Amino acid sequence: MATYLEICQKVARDSGTFPEGTPTAIAGQEARTNKVIAYVAEAWRSIQNERAGWLWMEAEFSGATIAGTARYTAASWSLTRWADWIIDSPHHDEPSITSIYPVASGQSQEGPLPFLPYRQWRRIYAMGTHDQNQPIHYSISPAGEFCLGPTPDAAYQIGGLYRKSPQVLASDGDIPEMPARFHDLIAFRASILLHKHDIAPFELDGQIEEHNILINDLYRDQLPTLGTHRTPSLA
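Here is a short report on the structure shown in this document. Owing to the predicted nature of the structure, the values given are computational and were not obtained by experimental measurement. (Residues numbered from 1 in each chain as written. Predicted model: local features only at pLDDT ≥ 70, side-chain atom pairs only at ≥ 80, totals over all residues. Heavy atoms only, no water.)

## Brief notes about the overall build of the protein chain
- Counting its secondary structure elements, the protein chain contains 5 helices and 8 strands.
- The order of α-helices and β-strands along the protein chain, N terminus first, is α-α-β-β-β-β-β-α-β-β-β-α-α.
- The burial tally for the protein chain puts 45% of its 235 residues in the buried class.
- For the protein chain, restricting intrachain contacts to residue pairs at least 6 apart in sequence, the fraction spanning at least 24 positions comes to 64%.
- Of the roughly 12,300 Å² of accessible surface on the protein chain, 51% is carried by carbon and sulfur atoms. (Helix = DSSP H or I, 4+ residues; strand = E, 2+ residues; numbered from the N terminus. Buried < 20%, exposed > 50% of the residue type's maximum accessible area, 1.4 Å probe, protein only. Contact = heavy atoms within 4.5 Å. Areas by Shrake-Rupley, 256 points an atom, 1.4 Å probe, with all protein chains shown as cover.)

Okay, here's the thing in structure tokens:
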């Protein structure tokens, strides 16, 4: 596993244009050394944003409902790095990953909570009036609200999955959240960005080749389904 500082040092070392051990810290750097630090952060951000299905960016949530409230945001359940809800398939022959149980009864009563496409949810639960009861469906509004139907009549515990927003590297010891065996990918991509910026006098073929090999390994390892992926040329 590599820290933010160690990845920056690798980029500087591989460029052949910095003294060994540069940078010594993330904070307080100037000029080209600061560019290395910025490009590592940018490379990590771009990798996280490259695919919507990275497994390491999935997380579980659990939040309680309020009687009479049908719509919830990430802030309602204190999710500080929320990017999107991971929804179930609308096909009812597939198992639900989202669950519900009455808080008063306890988790022994936990069961699946099926997904309903928003237009159907709105037609059934948001038009006119209906009695409050234990929700039997959930949906996601265009505004990203987690919507329950019927409107809860009491406190229910909802559990499921969400996708985290990108991790921001800021301190020396920050560790990228993807599997440690792929951390070199960040350094390879940052080296490419550095080279494109200043046409540094060193050979990039090795970094590009290693980058493309490692990104394809990452696709196979961290995407939920197998498929054919084509890595764009970075030359």
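## A short note on the sheet that holds strand E2 (residues 71-72)
- Strand order in the open sheet made by the 3 strands is E2-E7-E6, with antiparallel pairing throughout. Each of the sheet's edge strands pairs with one partner strand only, and the pair in question is E2 and strand E6 (137-140).
- Bridge analysis of E2 against strand E7 (residues 146-149) gives 2 bridges, and the strand direction is antiparallel. For Arg71, the partnering residue across the bridge sits in E7 and is Cys147.
- Contacts between helix H3 (residues 118-126) and the sheet are confined to E2, E6 and E7, with E7 contributing the most and set at about 45° to the helix. (Pairing = 2+ DSSP bridges. Axes fitted to C-alpha atoms, helices over the stretch in contact; angles between N-to-C directions.)

## Some remarks on helix H1 (residues 4-15)
- Its 12 residues place the ends of H1 17 Å apart at the C-alpha level, agreeing with the 16 Å of an ideal helix rising 1.5 Å per residue.
- Looking one or two residues beyond H1, the residue adopting positive phi is Gly16, at roughly 70°. (Expected span 1.5 Å × (residues − 1).)

## A word on the nonpolar core
- Tyr4, Val40, Ile47, Trp56, Met178, Ile186 and Leu218 are the most contacted members of the largest nonpolar core, which totals 34 residues.
- The set of elements that each furnish at least two residues to this core consists of H1, helix H2 (31-50), helix H4 (184-198) and helix H5 (205-222).
- A per-element tally of this core places H2 first, with 8 residues. (Core = buried A, V, L, I, M, F, W, Y, C linked by side-chain atoms within 4.5 Å.)

## Thoughts on the pairing of E6
- Across the two faces of E6 the burial is the same, with His137 and Ser139 and Tyr138 and Ile140 all buried.
- Both E6 and E7 contribute to a ladder of 4 bridges, which runs antiparallel. Counterpart to Tyr138 in the pairing with E7 is Leu148.
- With antiparallel pairing between neighbouring strands as the criterion, E6 and E7 make up a hairpin whose turn holds 5 residues, including Gly144 at a positive phi of roughly 85°.

## What about the side chain of Arg189?
- By the secondary structure assignment, Arg189 is in helix H4.
- A polar atom in the side chain of Arg189 sits 2.8 Å from the side chain of Glu50.
- Those residues in contact with Arg189 that lie beyond four places of it in its chain are Ala43, Ser46, Ile47, Glu50, His211 and Ile215. (Polar contact = N/O pair within 3.5 Å; in protein donor to acceptor, adjacent residues only side chain to side chain.)

## Considerations on the environment of Gln29
- Tracing the sequence through the fold places Gln29 in the loop between H1 and H2.
- Here Gln29 is in contact with Pro23, Thr24, Asn34 and Ile37, once residues within four sequence places are set aside.
- Among the polar contacts listed, one links the side chain of Gln29 to the backbone oxygen of Ala25, at a separation of 3.0 Å.

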